[in-house]
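Architecture at a glance
The residues making up each chain are set out below.
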Amino acid sequence: IFVLADGSRLIATASNAILLLLPTGRLATVAGCAGEDGALADGTGMQARFDSPAGITVDKTGNIVVSDLHSHALRSVTKEGAVVTTLAGNGEEDFTDGQGAEARFSEPTSVVLAANGRTLVAN
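Numbers given for residues are sequential positions, taken from 1 along each chain in its written order. Where totals are concerned, whole chains, interfaces and linings use all residues; where local detail is concerned, this predicted model gives features only for residues with pLDDT of at least 70, and gives and counts side-chain atom pairs only at 80 or more. Side-chain calculation: all heavy atoms of the structure are included, whereas hydrogens and water are not.

1. Looking at the nonpolar core
Only buried residues count toward a nonpolar core, which is a set of Ala, Val, Leu, Ile, Met, Phe, Trp, Tyr and Cys residues joined through side-chain atoms within 4.5 Å. Only protein chains enter the calculation, and the probe is 1.4 Å; a residue is then buried if its accessible area is under 20% of its type maximum, exposed if over 50%, and partly exposed in between. By size, the foremost hydrophobic cluster in this structure holds 13 residues, and its most contacted members are I18, F50, I56, I64, V66, V77 and V84. Helix and strand assignments come from DSSP, with helices taken as H or I runs of at least 4 residues and strands as E runs of at least 2, each series counted from the N terminus. Sorting the residues of this core by element identifies β2 (9-12), β6 (53-58) and β7 (64-68) as the ones contributing at least two each. Discounting chain neighbours no more than four positions away, the residues touching F50 are N16, I18, A31, G32, G38, A39, V66, D68, R75, V77 and V84. The next biggest cluster of nonpolar side chains, apart from the first, holds six residues, and it includes V65, A88, F105 and V111. The contact rule is simple, with two residues in contact once any of their heavy atoms fall within 4.5 Å.

Structure below.
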């Protein structure tokens, strides 16, 4: 769960969706599709697929960054339009440093944004 400045909460669910809980109590799906079998699939909103998203944070531009546990990847959801793209990893489990699809994770569980703007992943 990541708490936004307005009190809204972003929630990465084990049911393969990214949800937004507003202070009013209204719950909305931002991306992914709850209850759908997960896979590494980029797309817009509910067209995108996650496989047990775990960690969640927001980068300095307001985009959501998600550690996608069983997709072994780091994903981004745009602030505007909820476009989901894969930042790093390609679905193959391993421990390999690299950029983009060359990087490999083994069930990344958490993601945070450091003060210097770097994204840190617990792998």
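From this point, things continue past the structure.
2. Examining the side chain of S106
Position of S106 among the secondary structure elements: in the loop between β9 (83-88) and β10 (110-113). Given a relative accessible area of 14%, S106 falls into the buried group.

3. Focus on the sheet that holds strand β3 (residues 17-21)
Two modes of strand pairing occur in sheets, parallel and antiparallel, and in both the strands are linked by backbone hydrogen bonds. Two strands make a pair as long as DSSP finds a minimum of two bridges between them. Spatially, the four strands line up as an open sheet ordered β1-β2-β3-β4, and their pairing is antiparallel. Unpaired on one side and paired on the other, β1 (2-3) and β4 (27-32) mark the two borders of the sheet. Relative to β2, β1 runs antiparallel, the two sharing two bridges. Bridge pairing in β2 places V3 opposite R9.

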